[in-house]
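Here is what each chain is made of, one letter per residue.
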Amino acid sequence: MSSYVPLWCKSNFSFLEGASHPDELVEEAQRLGLSALALTDRDGLYGVVRAHVKARELGLHLIVGSQVTVTDGSAIVLLVQDRTGYANLCRLITVGRRRSPKGKSAVGWDEICRHASGLIALWGGELSLIVSETDCEEVAGDLRDAFDDRIYAMVARHRRAEEAAQEKRLRRRAPCYGFPLAAATEVLYHTPARRSLQDVLTAIRHGVTVATAGRRLKPNAEHDLKSPFAFGALFSDDPSAVARTTEIAERCVFSLAEIRYRYPSEQLPDGTTSAERLRRLTFEGARHRYGESVPPEVMRQLEKELKLIEALDYPGYFLTMWEIVKFCRARGVLCQGRGSAANSAVCYCLGITAIDPVRMDLLFERFISQERAEPPDIDLDIQHNRREEVIQHVYEKYGRERAAMTANVIRYRARSAARDVGKALGLAETSLDRLAKFLSHHEEMTPLALRDAGFDPEAPIHGHFLKLAREILDFPRHLSIHPGGFLLGHEPVHDIVPIENATMPGRTVIQWDKQDLEDLGLFKVDLLGLGGLTQLDLCLRLLKEHRNIDLSMATIPPEDPETFKMICRADTVGVFQIESRAQMAMLPRLRPKSFYDLVIEISIVRPGPITGGMVHPYLRRRRGEEAVDYPHPTLIPVLEKTLGVPLFQEQVMKLAVIAADYTPGEADQLRRDMAAWQRTGRMERHRERLLSRMRAKGIAPEFAERVFQQIK
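Residues numbered from 1 in each chain as written. Predicted model: local features only at pLDDT ≥ 70, side-chain atom pairs only at ≥ 80, totals over all residues. Heavy atoms only, no water.

Peer 1: I would appreciate a short explanation of the packing of aromatic side chains in the present structure.
Peer 2: The description of two aromatic rings rests on the distance between their centres and on the angle between their planes. This model, assessed by the stated rule, comprises 15 aromatic pairs. The interplanar angle of 85 degrees and the centroid separation of 5.2 Å between the aromatic rings of Tyr-314 and Phe-523 together place this pair among those described as edge-to-face. You can see Tyr-314 sitting in the loop between α11 (296-311) and α12 (315-330) and its partner Phe-523 sitting in the loop between α19 (514-520) and β13 (525-530), a full 209 residues away along the chain. Under the relative-accessibility criterion, Tyr-314 is labelled buried at 4%. These aromatic residues form a ring-pair network of at least three members: Tyr-314, Tyr-317, Phe-318, Phe-367 and Phe-523. Sitting over the ring of Tyr-348, Arg-289 keeps its end group 4.1 Å from the ring centre. Here the basic side chain of Lys-397 rests over the ring of Tyr-398, its NZ or CZ set 5.8 Å away from the ring centre. (Phe/Tyr/Trp six-rings, centres within 6.5 Å; stacked < 30°, edge-to-face > 60°. Helix = DSSP H or I, 4+ residues; strand = E, 2+ residues; numbered from the N terminus. Buried < 20%, exposed > 50% of the residue type's maximum accessible area, 1.4 Å probe, protein only. Lys NZ or Arg CZ within 6 Å of the ring centre and 35° of its normal.)

Peer 1: What exactly am I supposed to notice about the nonpolar core here?
Peer 2: The tendency in soluble globular proteins is for nonpolar side chains to be buried as a group. Core analysis: the largest hydrophobic core is formed by 73 residues, its most contacted members being Tyr-86, Trp-123, Leu-143 and Trp-512. For this core, the leading source of residues is helix α3 (residues 83-98), giving five residues. Counting contributing residues, this core receives three or more from each of domain 1 (22-190 + 225-258) and domain 2 (274-408 + 483-532). Ranked by size, the runner-up nonpolar core spans 48 residues in total, among them Val-298, Val-394, Leu-488 and Leu-527. (Core = buried A, V, L, I, M, F, W, Y, C linked by side-chain atoms within 4.5 Å. Domains from an automatic or database assignment.)

Peer 1: Would you explain helix α22 (residues 581-590) in this entry?
Peer 2: Because each turn of an α-helix spans 3.6 residues, side chains separated by three or four positions in sequence point in the same direction. If you check which residues of α22 are buried, you get Gln-583, Met-586, Leu-587 and Leu-590. On an axial view of α22, the arc spanned by its buried residues comes to 115 degrees, and they lie on one face. Residues of α22 that are buried in the fold lie against α21 (561-568), α23 (595-604) and α25 (615-622). Arg-591 sits one or two residues past α22 and shows a positive phi near 50 degrees. (Arc of directions from axis to C-beta. Contact = heavy atoms within 4.5 Å.)

Peer 1: Just to check I follow, could you spell out the side chain of Gln-67 for this structure?
Peer 2: The topology assignment puts Gln-67 in strand β2 (residues 61-69). A residue is classified by how much of its surface remains accessible, and Gln-67, at 4% relative accessible area, is buried. With residues near it in sequence (within four places) discarded, Gln-67 still touches Trp-8, Lys-10, Thr-40, Asp-41, Arg-42, Asp-43, Ala-75, Ile-76, Val-77, Leu-127 and Glu-186.

Peer 1: Sorry if this is basic, but what is going on with the packing of helix α10 (residues 274-290) against α12 here?
Peer 2: Each pair of packed helices can be summarised by the angle the axes make with each other and by the distance between the axes. Relative to each other, α10 and α12 sit at 50 degrees, their axes nearing to 9 Å. One element, α10, and the other, α12, form an angle in the oblique class. Like other packed secondary-structure pairs, α10 and α12 cross with a definite hand, here left-handed. Note on element contacts: α12 touches α10 through Pro-315, Gly-316, Phe-318, Leu-319 and Trp-322, opposite Ser-274, Ala-275, Arg-277, Leu-278 and Leu-281. Class assignment of the residues belonging to the contact of α10 with α12 gives a composition of seven nonpolar, two polar and one charged. (Axes fitted to C-alpha atoms, helices over the stretch in contact; angles between N-to-C directions. Parallel < 35°, antiparallel > 145°, perpendicular 65-115°, else oblique. Left-handed = near helix turned anticlockwise from the far one by under 90°. Nonpolar A, V, L, I, M, F, W, Y, C, P; charged D, E, K, R; others polar.)

Peer 1: It is not clear to me how the sheet that holds strand β5 (residues 151-156) should be interpreted in this structure. Could you clarify?
Peer 2: Backbone-to-backbone hydrogen bonds join strands into a sheet, with any given pair of strands oriented parallel or antiparallel. On the basis of which strands lie adjacent, the open sheet formed by six strands has the order β1-β2-β3-β4-β5-β6 and mixed pairing. Bordering the open sheet on either side are β1 (36-39) and β6 (181-184), each of which pairs with just one other strand. Between one strand and the next, the sheet's axes are offset by a mean angle of 35 degrees, whatever the strand orientation. Sitting on the sheet, helix α5 (residues 137-147) is in contact with β3 (75-80), β4 (119-124) and β5, with an inclination near 155 degrees to β4. Contacts between helix α6 (residues 163-177) and the sheet are confined to β4, β5 and β6, with β5 contributing the most and set at about 160 degrees to the helix. (Pairing = 2+ DSSP bridges.)

Peer 1: Sorry if this is basic, but what is going on with the environment of Asn-408 here?
Peer 2: Residue position: Asn-408 is located in strand β9 (residues 403-411). Sequence spacing of Asn-408 and Val-509 is 101 residues, and the spatial spacing of their C-alpha atoms is 9.2 Å. When sequence neighbours within four positions are dropped, the list of residues in contact with Asn-408 reads His-478, Leu-479, Ser-480, Ile-481 and His-482.

Peer 1: Where do I start with the sheet that holds β13 in this structure?
Peer 2: Taken together, seven strands build an open sheet; the order of strands is β7-β8-β13-β10-β9-β12-β11 and the sheet is mixed. The sheet terminates laterally at β7 (335-338) and β11 (499-501), the two strands that pair on one side only. Neighbour-to-neighbour, the strand axes of the sheet open up by a mean angle of 45 degrees, direction not taken into account. One ladder, built from four bridges, connects β7 with strand β8 (residues 379-383); its direction is antiparallel.

Peer 1: Where do I start with α3 in this structure?
Peer 2: In this model α3 runs 22 Å from its N-terminal to its C-terminal C-alpha over 16 residues, within 8% of the 22 Å that 1.5 Å per residue would give. Measuring from the backbone nitrogen of Thr-84 back to the side-chain oxygen at the start of α3 gives 3.2 Å, which picks out Asp-82 as the cap. (Expected span 1.5 Å × (residues − 1). Polar contact = N/O pair within 3.5 Å; in protein donor to acceptor, adjacent residues only side chain to side chain.)

Peer 1: Hey, could you run me through a negative patch on the surface in this one?
Peer 2: A surface patch of negative charge is lined by Asp-135, Glu-137, Glu-138, Asp-142, Asp-145 and Asp-148. Following the sequence through the fold, Asp-145 ends up in helix α5. For Asp-145, a relative accessible area of 62% gives the class exposed. (Patch = residues over 30% accessible without salt bridge, like charges linked within 9 Å, V, L, I, M, F, W, Y side chains within 5 Å. Areas by Shrake-Rupley, 256 points an atom, 1.4 Å probe, with all protein chains shown as cover. Salt bridge = Lys/Arg side-chain N within 4 Å of Asp/Glu carboxyl O. Lys, Arg positive; Asp, Glu negative; His and termini not counted. Charge placed at Lys NZ, Arg CZ, Asp CG, Glu CD.)

Peer 1: What is the right way to look at the state of the cysteines in this model?
Peer 2: Linking two cysteines covalently through their sulfur atoms gives a disulfide. Here the structure, examined in full by the defined rule, presents zero disulfides. Not engaged in a disulfide, the cysteine Cys-9 finds its nearest cysteine sulfur in Cys-252; these two sulfurs lie 13 Å apart. Given the relative accessible area of 0%, Cys-9 is considered buried. Between Cys-349, a free cysteine, and Cys-347, which holds the nearest cysteine sulfur, the sulfur-to-sulfur gap is 9.6 Å. (Disulfide = S-S within 2.5 Å.)

The structure is reproduced here in structure tokens:
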């Protein structure tokens, strides 16, 4: 049986409609021996990056598309041919989303025609005008003029009685308009086993129970991703329509890998380049930080960083962050860069961060590395009561076309799954509320939890409830907005990804989240609100007003004895970073006496050092109850500050470089795999290399194993 290409597939990013993850559809397509698959979620490109990543991994051709809703209530499927078509689809979806209430979208036929270049149209399915009893001659003529030979009449079959009359109308009209026929099924799940979940999603979307949903539910399980044999059998009377699916797929040559993103360069009226301006500002800042005589080791580090920043074409990003910090300081808004940006001497000299990475011996490759060749990520904390000023400044500077906030996908967790699925199945809401109280945020529902809440896991309805509540976990529920992540573009952002309105007035949000941006190598600017900075700003103002003491963040005494006495007593309620119960329990044991002690305090109360068995050895050595020793003389510079016990990720990275011959870039990949090991399972590939090379250098196997357990 000849193959085909599914051209009308919806994932669970057609919110509360599709019942499979994008990567599940791609994996199933590859398993079935299909060469390509089109992802056409409803009015959005929310899931295409996840599908793209999986398709690239499996060698499958992913076609980008969307089912677009029209203002008359009908719909049309659009597939991307080339880069121009991709930009047009993003713009079209943006137009529909920006004019509509949150969660809705609609465009006019004239707008579809204006954005037709580079797109292929598939006109058919139960929501299309061409199969309806309504006259569609005028619309068909406009579409034919706009799309030329890039429009097809889509014959959709799902073994439903009403489809016979619809197909008859389509086959009668298509030759009149010159539209070739293409076969399709509306794919809503990768396996028929998800049919029940799709019913529940439909009920949730319409706010009804499955029992009362009626004709809103699909009448059968024919919306699965079909094998070539099954699809061929379904359209055995029209093999040419099946063959045409492959022809259409071959015309769609666009890939998300083609997106060549450029960070917006600053406007330089004097004719200098961004790189030249960044270099000048960096060395001006270095003289401000270190005095006129900048230490040679700092100059070497700055030259090393600037060379890499220029090679990777990142100067514009650093200039943007510098400009935002400059705006904050001019307006008296407290701000502070954090995260891996603290490892950069350039960030320190630009005033973005406050920690000298050269003096602290921090590894720059954690921030940027040649091997990773991914955009840097600078998080800027801003006093939370004035963050909106900074956000609006970014909008004003770059315009709504070139600045939009990153999405945050709200997903089903145990409690929300229990409530929504149970309600859709008609279970008592009081019982569901009681069950939700037995579940933690990330915990999977268990038969024991059901029984504790008064349900009977052996009863068919409750067993079905348990199965569906587990299946829906991690499904996207709706789109929210990232706390402060901006995507800024050299070209209009709506040529890269669709933009829609956020719930909050004055905000717009793109359809991708932080992970999507990372996967495509796009820059994100994080402007995060921090209540601690707001309190600090208030304290500084009160000191000035009542005691005439003029302090700034830079001039706060770093080693005030009375402050550290309070810290050692765990008198830290309301003190950012050291106010949790775990931190307050550790403070009297560690007894910090310096700023670096606080760094250790904050780092030691984490799963890594605890599970790696590093906490108690460090405390015993700090109290003099255990001798300080090192597993190998070459590791003394790495472990000296923490008494021979590795506590920080930077130490693990340096340990990998010295003891296991990693390059700095490979060591950073090790750090990234540490953060994502539970999701990706990538840590095991480091195990043998780390352990074998440490043993080869004379490092005790017990120490090597403890380090691996800590980073894992």
